[in-house]
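Structure at a glance
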Amino acid sequence: MAELKHTPMVAASSDMKEFTLRALVIGLFMCVILGAANAYLGLKAGMTIAATYPAAVIGMAVLRMMRGTLLEENFARTVGSIGESVAAGAVFTIPAFVVLRIWNFTPQSMLPEYLTAAALMILGGVLGILFVTILRRVMVDDPGLPFPESLAASEIHKAGQRGAEAAIQLFKAMGVGALIKLADGCGVLQATGLDFQVAVGKFRESFVRLGLKADAEKVAGGGITTISAPAATPAYIGVGYIIGPELGALNFAGGLLAWGLFVPLLVFFVGPSLIEKYTAMNGGDQMAAWAAVTGHLYRFIVRPIAVGGMLVGACFTLWKMRKNLILGIKRGVADVRKSAAQATTTERTERDLPFKLVVLGIVIVFALMIGLYFYFTQMFIGAILAAIVMIVTGFFFAAVSGNLVGLIGSSNNPISGLTLAATVIAALTMVIIGVKGIEGVAAVLGVAAVVCVSSAVAGEMLQDLKVGHILGGTPAKMQVGDILGVIIAGLVMFFPLYVLHNADLAAHPGTGGFGSPNLSAPQAGLMAALSQGIVGGEMAWPLVVVGIALGISLILVRVKSPMLFSVGMYLPLETTFAIFVGGLIRGLVDRRATKRGLNAAQKARVENAGILSASGLIAGEALVGLFIAAVVFIRDQTGGPPAFWTVPGFASIAPWMAIPVFVILALYLIYVPLAKAGRPDEPAPPTAVM
């Protein structure tokens, strides 16, 4: 039987407008905005949200006002969504340079660090696009790859008459998130830092007897630990709503284990030996001293245990996906052979960037990476080997990432697991050739950064190319658009990271910045610990081994995601608590939809409206959060106080304002989605797969 030829929605013979200046500008604007919002979210919550759906909604709404075409909408969405991939690669790796003090993120060191970070992001992103260009034709035509999110995105474009309504809903949610974050910045609301100190036994009176007899050895203990209330932030609650009650509870369970078991145990037994020194350091303030003890025990003992758990979690994720990974490897090899053997085509919908140009681009990137890694290692052999590891693992993981996106969607793509594997390979390579110390660690992180960005961009690019394949877009134009998007995102993404780190550091001297409660950056912490542990030889391995044992235990009791559980241990309790609250709200909405007897089409509309509202809340808070951080940074650099402008008179009631904010957010995320259920006889909409 002859194979049926794919027929796109817009015929290959059509000359419909596609790569236009307005579509490019809209796409690049969304690329920067959605990328910066995801950078903010990734640093704070250790997660990013898929940008395809918001980019599709915004792009359609704006272009329809300009009477744009379907292919312009597709092009704008393609460019607009790529910034999220660059942001994910950036926040998973770039902060590790700062955590390990390889980079200082100061005005004096800013230029070389900016140029290096931008080079890592741009080269990684361009490499991912070039790799996918080689593989595109055979992968988008592969009947074994269902591309679930690509199909949903294409259906959203086909149902574009509802784009304006969805965009209004998205912008309203962004307004709500922005207003709440602004109130927090102005001091009207205290959304975070609502901590309570709880006694763990009686200081120097409590004890544990190591035996049953009265003369058995006794271990004295007692102290005061810290418990946090959930942060009243739209972003965390929005993330919880998107991931749902089950995953939200799993993330919170990790936080409860850290703050409800490990920290109190350490405070009880270790606290008495530390408190006098910490009391002296805090001017005799006992409560401040106990808070400092608690924070340090968590950061330097519990977090390394969480790193071990994340290490197991990432490996377990790859193991669970081994069949898909093996399939991806086989298809990747076969795809290369097929793509090399296929003849060129003149049909518009099958026209990629010229193969010779793609190969030349890969060679140029490889040469530039040798120069960049020589800058890190100061060893020519080490630079060449690092670049070879990067190009081989980068291509391998780009093929795997593309196939995983085709099988399970971009939102489920285990980028951190792939990056972890590249980090281990690069670290072992540096050890074998004798590149040690800070130079070797920097080279390993450089390989990890390029591979992470490349894999993330490759997956997102292939997903967008599949949408274009369905709608009738021109692959070459989409590839050029994404290259421009990657370059712009790479040039810009350093600044949100730089400003957020320095603003937090200025507001919280000594404790702020990357790795702090406000900017946890768990994946970057994992990459930093792993590269330093293997190459630098500095790692609290006994604590990591304890975490590895914990991760294995989670697998044995069939925890769905040991990685998410361990990330919950790494994040502040107020963060995981708020994400859990958002998950509970999502669960309540789902139950209400069932109780009302809504059919499948109505439930799909409720789900879409809820995810869109949650995405808007996240984006609104992120953009205002970046604005507040920029103001704090500028005031600090110009000699002013490192703080945002505050409204006087709210200091005493600001903590209590968190309660009505929770109520407002809960009602908003319950009422708005359920109000969008529509009539039972309306056709089912495309599902917003996030």
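A brief report on the enclosed structure follows. (Residues numbered from 1 in each chain as written. Predicted model: local features only at pLDDT ≥ 70, side-chain atom pairs only at ≥ 80, totals over all residues. Heavy atoms only, no water.)

Focus: helix 1 (residues 21-45)
Helix length check: helix 1, at 25 residues, gives a terminal C-alpha distance of 35 Å against a target of 36 Å (1.5 Å per residue), a fit within 8%. Within helix 1, 19 of the 25 residues are buried, which leaves it mostly tucked inside the rest of the structure. G46 lies just past helix 1 and shows a positive phi near 70 degrees. (Helix = DSSP H or I, 4+ residues; strand = E, 2+ residues; numbered from the N terminus. Expected span 1.5 Å × (residues − 1). Buried < 20%, exposed > 50% of the residue type's maximum accessible area, 1.4 Å probe, protein only.)

Looking at helix 14 (residues 475-492)
Taking 1.5 Å per residue as the helical rise, helix 14 with its 18 residues ought to reach 26 Å, and the 25 Å between its terminal C-alpha atoms agrees with that figure. Those residues of helix 14 not exposed but buried are P475, A476, M478, Q479, G481, D482, I483, G485, V486, A489 and G490. Of the surrounding elements, those touching the buried residues of helix 14 are helix 1, helix 3 (70-99), helix 4 (110-140) and helix 13 (437-471). (Contact = heavy atoms within 4.5 Å.)

Quick word on the packing of aromatic side chains
Enumeration according to the criterion identifies 19 aromatic pairs in this entry. With 5.5 Å between their ring centres and 50 degrees between their planes, F105 and Y498 make a pair best called tilted. Separated by 393 residues along the polypeptide, F105 in the loop between helix 3 and helix 4 and Y498 in helix 15 (residues 494-507) bring together distant segments of the chain. By the burial criterion, F105 is buried, and Y498 matches it. (Phe/Tyr/Trp six-rings, centres within 6.5 Å; stacked < 30°, edge-to-face > 60°.)

Let's talk about the side chain of N38
Relative to the helices and strands, N38 is located in helix 1. Within the structure, the side chain of N38 is placed 3.0 Å from the backbone oxygen of L34, a separation counted as a polar contact. Excluding anything up to four places from it in sequence, N38 contacts T48, I49, E84 and A87. (Polar contact = N/O pair within 3.5 Å; in protein donor to acceptor, adjacent residues only side chain to side chain.)

Thoughts on the pattern of salt bridges
What the rule picks out here adds up to eight salt bridges. Residues E73 and R64 are paired through a salt bridge, measuring 3.5 Å at the closest nitrogen-oxygen approach. E73 sits in the buried class, given a relative accessible area of 2%. With a shortest N-O distance of 4.0 Å, R586 and E607 are connected by a salt bridge. (Salt bridge = Lys/Arg side-chain N within 4 Å of Asp/Glu carboxyl O.)

Focus: the environment of G440
Here G440 shows up in helix 13. Residues G440 and G382, 58 residues apart in the sequence, show an inter-C-alpha distance of 8.7 Å. Excluding anything up to four places from it in sequence, G440 contacts M430, V435 and V535.

Structural notes on the packing of helix 7 (residues 234-281) against helix 18 (residues 562-570)
Two quantities define a packed helix pair, namely the angle between the helix axes and the distance between the axes. Relative to each other, helix 7 and helix 18 sit at 45 degrees, their axes nearing to 7 Å. What the angle tells us is that helix 7 and helix 18 run oblique. Considering how the two elements wind past one another, helix 7 and helix 18 form a crossing that is right-handed. For the pair helix 7 and helix 18, the contacting residues are L247, L250, N251, A253, G254, G255, L257, A258 and F262 in the first and L564, F565, V567, G568 and M569 in the second. When the residues that make up the contact of helix 7 with helix 18 are grouped by side-chain class, the tally is ten nonpolar, four polar and no charged. (Axes fitted to C-alpha atoms, helices over the stretch in contact; angles between N-to-C directions. Parallel < 35°, antiparallel > 145°, perpendicular 65-115°, else oblique. Left-handed = near helix turned anticlockwise from the far one by under 90°. Nonpolar A, V, L, I, M, F, W, Y, C, P; charged D, E, K, R; others polar.)

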